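If you want the building blocks of each chain, they are given just below.
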Amino acid sequence: EGDDRTMDRLRTYWREGAGVKNWTDSQMKSEAWSAAFISYVMKKSGAGSDWKYSPSHSTYIVDSIKNRKQNNSNPFKGYRPEEVKLEIGDLVGRARQSGVSYDTLGNYKSHTDIVVKINNGYADTIGGNVGDTVKITRVPLTPDGKVDLKRSDYFVVIKSYK
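These numbers were taken from a predicted model, which means no experiment stands behind them.

Quick look at the overall build of the protein
Link 1 in the chain: The helix and strand tally for the protein stands at 4 helices and 6 strands.
Link 2 in the chain: Element order for the protein, N to C, with α for helix and β for strand: α-α-α-α-β-β-β-β-β-β.
Link 3 in the chain: Rg of the C-alpha trace for the protein: 15 Å, near the compact-globule value of 15 Å for 162 residues, within the 12% margin.
Link 4 in the chain: Each principal axis of the C-alpha distribution contributes one length, and for the protein these read about 45 × 35 × 30 Å.
Link 5 in the chain: Counted over contacts in the protein with a minimum sequence separation of 6, partners at least 24 positions apart contribute 53%.
Link 6 in the chain: About 8400 Å² of surface is accessible on the protein, with carbon and sulfur atoms providing 46% of the total.
Link 7 in the chain: Counting 26 positive and 20 negative side-chain charges, the protein places the averaged centre of each group 3 Å from the other.

With respect to the pairing of strand β4 (residues 122–127)
Link 1 in the chain: Sheet analysis places strand β3 (residues 110–119) next to β4, joined by 5 bridges and oriented antiparallel. Across the sheet, residue I114 finds its bridge partner in β4, namely I126.
Link 2 in the chain: The turn joining β3 and β4, which pair antiparallel and follow one another in sequence, is formed by 2 residues; a positive phi near 50 degrees is taken by N120.
Link 3 in the chain: Bridging between β4 and strand β5 (residues 135–140) involves 6 bridges; their strand directions are antiparallel. Along β5, the bridge assignment pairs G127 with K135.

Considering the environment of G131
Link 1 in the chain: Inspection of the secondary structure assignment puts G131 in the loop between β4 and β5.
Link 2 in the chain: Sequence separation between G131 and G48 is 83 residues; the distance between their C-alpha atoms is 29 Å.

Quick notes on unusual backbone geometry
Link 1 in the chain: Of note in this structure, N129 is not a glycine but carries a positive phi near 60 degrees.
Link 2 in the chain: Tracing the backbone through its elements, the reader meets N129 in the loop between β4 and β5.
Link 3 in the chain: Here N129 falls in the buried class, since its relative accessible area comes to 19%.
Link 4 in the chain: A positive phi angle, close to 65 degrees, is found at D132, a residue other than glycine.
Link 5 in the chain: Considering the arrangement of structural elements, one finds D132 in the loop between β4 and β5.

Comments concerning the sheet that holds β4
Link 1 in the chain: The sheet built from 6 strands is open, its strands ordered β1-β6-β2-β3-β4-β5 with antiparallel pairing. Of all the strands in the sheet, the pair left with one neighbour each is β1 (76–79) and β5. Across the sheet, the axes of successive neighbouring strands diverge by a mean angle of 35 degrees, strand direction being ignored.
Link 2 in the chain: Contacting β1, β2 (91–95), β3 and β4, helix α3 (residues 34–44) crosses the sheet at an angle of about 50 degrees to β3.

Analysis parameters
Residues numbered from 1 in each chain as written. Predicted model: local features only at pLDDT ≥ 70, side-chain atom pairs only at ≥ 80, totals over all residues. Heavy atoms only, no water. Helix = DSSP H or I, 4+ residues; strand = E, 2+ residues; numbered from the N terminus. Rg over C-alpha atoms; globule rule 2.2 N^0.38 Å. Contact = heavy atoms within 4.5 Å. Areas by Shrake-Rupley, 256 points an atom, 1.4 Å probe, with all protein chains shown as cover. Lys, Arg positive; Asp, Glu negative; His and termini not counted. Charge placed at Lys NZ, Arg CZ, Asp CG, Glu CD. Pairing = 2+ DSSP bridges. Buried < 20%, exposed > 50% of the residue type's maximum accessible area, 1.4 Å probe, protein only. Axes fitted to C-alpha atoms, helices over the stretch in contact; angles between N-to-C directions.

Next comes the structure, spelled out in structure tokens:
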């Protein structure tokens with residue numbers, strides 16, 4: 001992050017993922033790019049117009065929870081972690097500020113990662129801007145394959161039914 005060799009990639013995440021077209025390199029270097037990365041991956045994976053592309057994780061977290069609560073036709077649904085077994089392709093979200101829960105509306109600081117592997121009681125997730133890079137994080141699971149809330153602080157699992 002911030003290295004001139006990586007700026008083309010970050011510009012692509014911001015422009016194609018989050019829809020930010022007019023930021024300077026200085027602005028891109030100073031803002032967290034994790035949601036732009038997730039939005040870019042979702043766009044490239046075929047999420048289409050059903051996904052809320054955004055520079056803020058809370059935008060698509062809140063939208064996916066709304067989709068689930070309204071039981072509408074949008075294929076992206078947000079669940080409480082204790083409700084669903086984690087699967088490859090799911091997103092897991094956690095707050096980056098106090099006072100945020102599954103029922104919090106509006107804009108808040110948060111982070112999501114994409115589940116890429118499940119093995120031996122853990123889910124490996126990939127996320128952007130984790131230690132200033134794209135990185136794998138391990139999420140502990142319960143014996144029945146749900147996020148272990150005793151050993152993690154996630155509050156949402158986003159599933160795709162697309």
